[in-house]
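# Per-entry structural report
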Amino acid sequence: RRLAKSHGALITVEEGSVGGFGSHVLQFLSLEGLLDDGKLKVRPMCLPDRFIEHASPAEQLEEAGLTASQVASTVLTVLGRPRDSLEVLQPNLKSR
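To keep things clear, this report deals only with the structure shown in the data block. (Residues numbered from 1 in each chain as written. Predicted model: local features only at pLDDT ≥ 70, side-chain atom pairs only at ≥ 80, totals over all residues. Heavy atoms only, no water.)

## Focus on the overall build of the protein
- When you go through the protein residue by residue, the secondary structure sums to five helices and two strands.
- Order of helices (α) and strands (β) in the protein, N terminus to C terminus: α-β-α-β-α-α-α.
- Taking all 96 residues of the protein together, the buried fraction comes to 27%.
- Across the protein, the fraction of contacts at a sequence separation of at least 24, relative to all contacts at a separation of at least 6, is 47%. (Helix = DSSP H or I, 4+ residues; strand = E, 2+ residues; numbered from the N terminus. Buried < 20%, exposed > 50% of the residue type's maximum accessible area, 1.4 Å probe, protein only. Contact = heavy atoms within 4.5 Å.)

## Overview of the pattern of salt bridges
- Tallied over the entire structure, the rule returns four salt bridges.
- Arg81 is the partner of Asp84 in a salt bridge, and the nearest nitrogen-oxygen pair spans 2.8 Å.
- Residue Arg81 is classed as partly exposed on the basis of its relative accessible area, which comes to 40%. (Salt bridge = Lys/Arg side-chain N within 4 Å of Asp/Glu carboxyl O.)

## A few points about the nonpolar core
- Of all hydrophobic cores here, the largest spans seven residues; its members are Ala4, Leu10, Val25, Leu29, Leu34, Leu40 and Val42.
- Other than its neighbours up to four places away in sequence, Val25 contacts Leu10 and Thr12.
- In terms of nonpolar packing, the next biggest core, distinct from the first, is built from five residues, Met45, Ala64, Leu66 and Val71 among them. (Core = buried A, V, L, I, M, F, W, Y, C linked by side-chain atoms within 4.5 Å.)

## Regarding the pairing of strand E2 (residues 41–45)
- Looking at chain direction, strand E1 (residues 9–13) and E2 are connected through five bridges and run parallel. Within E2, the position partnered with Thr12 by the bridge is Pro44.
- In this fold, the crossover linking E1 to E2 by way of helix H2 (residues 21–31) has right-handed handedness. (Pairing = 2+ DSSP bridges. Right-handed = clockwise from strand over helix to strand, strands pointing away.)

## Concerning the packing of helix H4 (residues 68–78) against helix H5 (residues 82–89)
- Axis separation between H4 and H5 bottoms out at 7 Å; the angle between their running directions is 175°. In terms of axis orientation, H4 runs roughly antiparallel to H5. Of H5, the residues touching H4 (which contributes Ser69, Gln70, Ala72, Ser73, Leu76 and Thr77) are Pro82, Asp84, Ser85, Val88 and Leu89. (Axes fitted to C-alpha atoms, helices over the stretch in contact; angles between N-to-C directions. Parallel < 35°, antiparallel > 145°, perpendicular 65-115°, else oblique.)

## Details of H4
- Buried within H4 we find Gln70, Val71, Ser73, Leu76 and Val78.
- Where the residues of H4 are buried, they touch E1, E2, helix H3 (57–64) and H5.
- Two residues or fewer past H4, Gly80 is found with a positive phi of approximately 80°.

## Description of the environment of Gly65
- With respect to the helices and strands, the residue Gly65 is situated in the loop between H3 and H4.
- The spacing of Gly65 and Cys46 is 19 residues in sequence and 8.2 Å in space, taken between C-alpha atoms.
- With near-sequence residues (within four places) excluded, Gly65 lies in contact with Met45 and Gln70.

Here it is as structure tokens:
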């Protein structure tokens, strides 16, 4: 409750699927009326609802969109910094 009232964005990250922690957070925020004014941007990040091939943990997180750079990119996008978001994902973009 305190985070939702004092921040403009809330991002949950989990190695679970839809219906996990992020869904519970959204349910709570909704029932408490903390989304009603439209000021809080919420982005739950979780495993996609599809099969991910067996690979190293790093490769699986990459395929799922949950690497550190992908999380940082989501944060920057939510904060209204799409160009910075692209630079996180494509570091050589800055040199162009």
